[in-house]
Amino acid sequence: MKKKFVLILLLYGLNAVTNPKYLAAQSSVSFQLFYDELSPYGQWINYPSYGYVWVPDVENGFSPYSTNGYWIYTNEGWAWVSNYSWGWAPFHYGRWNYDDSFGWIWVPDNEWGPAWVTWRHSNNYYGWAPMGFGITINSSFESSHNIPHNHWNFVHRRDLTRINIRNYYVNQSTNITIINHSKVIKNIYLDNRNNSKLISGPKRDEVQKNNRSKIQTFKVYDDNKPGQSVKNGNYQIYRPVVKANNDDGKISAPTKLNKPEEIRHVGKPNNGIKNNNQNQNVPREKEINQEKRNSKQQSLPNKSIRNNQPNRKPILNIK
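Here is what the cut-offs are and how they apply
Residues numbered from 1 in each chain as written. Predicted model: local features only at pLDDT ≥ 70, side-chain atom pairs only at ≥ 80, totals over all residues. Heavy atoms only, no water. Salt bridge = Lys/Arg side-chain N within 4 Å of Asp/Glu carboxyl O. Helix = DSSP H or I, 4+ residues; strand = E, 2+ residues; numbered from the N terminus. Buried < 20%, exposed > 50% of the residue type's maximum accessible area, 1.4 Å probe, protein only. Arc of directions from axis to C-beta. pLDDT = per-residue confidence, 0-100. Contact = heavy atoms within 4.5 Å. Polar contact = N/O pair within 3.5 Å; in protein donor to acceptor, adjacent residues only side chain to side chain.

Further remarks concern the pattern of salt bridges. When charged atoms on two side chains of opposite charge get close, those side chains can pair. Overall, the coordinates contain six salt bridges when judged by the stated rule. A salt bridge links E206 to R157; the nearest nitrogen and oxygen atoms lie 3.5 Å apart. With E206 in helix α6 (residues 204-211) and R157 in the loop between β10 (153-156) and α5 (175-180), the pair connects residues that are 49 residues apart, well separated along the chain. When its relative accessible area of 31% is taken as the criterion, E206 is described as partly exposed. Across the pair R239 and D222 runs a salt bridge, and its minimum N-O distance is 2.3 Å.

With that settled, the discussion passes to α6. Owing to its 3.6 residues per turn, the α-helix aligns residues three or four sequence positions apart on the same side. Among the residues of α6, R204, V207 and N211 are the ones counted as buried. Taken down its axis, α6 places every buried residue within 70° of arc, on the same side. Opposite the buried face of α6, by more than 90 degrees, sit the exposed residues D205 and K209. Of the residues one or two after α6, R212 is the one with positive phi, at around 55°.

On average, the protein scores 79 in pLDDT, and the residues at 70 or more come to 74%. Per-residue pLDDT stays below 50 along residues 2-26; that stretch engages in 16 contacts with residues further than four places along the chain or on separate chains. Low pLDDT (under 50) marks residues 271-319, which in the prediction has 150 contacts with non-local residues, meaning those over four places away or in another chain.

Position of S63 among the secondary structure elements: in the loop between β3 (51-56) and β4 (69-74). Sequence separation between S63 and W104 is 41 residues; the distance between their C-alpha atoms is 6.8 Å. In terms of polar contacts, S63 uses its side chain to reach the side chain of S66, at 3.1 Å.

Turning our attention to the environment of S252. Structurally, S252 is set in the loop between β17 (241-243) and α7 (284-294). Look at S252 and you get buried, because its relative accessible area is 0%. C-alpha of S252 to C-alpha of S30: the two residues are 222 residues apart in sequence and 7.2 Å apart in space. In this structure the side chain of S252 is engaged in a polar contact, spanning 3.3 Å, whose partner is the side chain of S30.

Encoded structure:
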């Protein structure tokens, strides 16, 4: 009996060591991961005050947490699921900012979150916008009016959970009015893994009431390789612990740095987004059936990480 008990313990221990969920949770990387994994999908430049930042190779009109993705509700709050193969990194670590010369640029950081956005709500709308360089959770609650109005995306409350959410963004000509008649959502999730706070967004019960249907809660699991997938009620994503430097003491840096004049500008924030509620007169049953056909679960490959940056301002101080 004692031998059988010991064998069970050994098998359990082996599973803990080999299971990707445990491996991912135990692994740690440096910023070099971000530099290497994102290089095929954009350019790295040395940006004043923040050091190395990444400019993605994307279509005109790209904007973060807006283009080519959708929201799901998880046990850690609302998570942005990007359809870009590199989306596991820039939408869950670091901050996005808009630069008139380069377009949208991303600065890495080591704190993982379901989405680094500020949320707003009114009686009719939910909205969100990238938090921007140097913005912490606490400061985002206080200074959201300082976010440019055209960085915000608003949808009718019933449309937050749509897979094709980009088709339901409210015309940006109304953003200022909505902002002036809405409030910041200050809900947070306490992340016991890192003893930190994360922005969780609108309450599930509230959104569920607006949708008049049950909203699924996806369980966040750690993957052991860059990428993310949504299937079988799970949101599996690569989210390693990120350190400033490599274990061998080498300073992390992009293998190739581009010159500013080499960067291709991809348009202004949310360029080309008109009043996309073109489906508002379609019967809701037909919409739901179409979304079901379009929302077959995806598995998104990818890779990520980061390091020591010259003259770099700290982003996060939220523990």
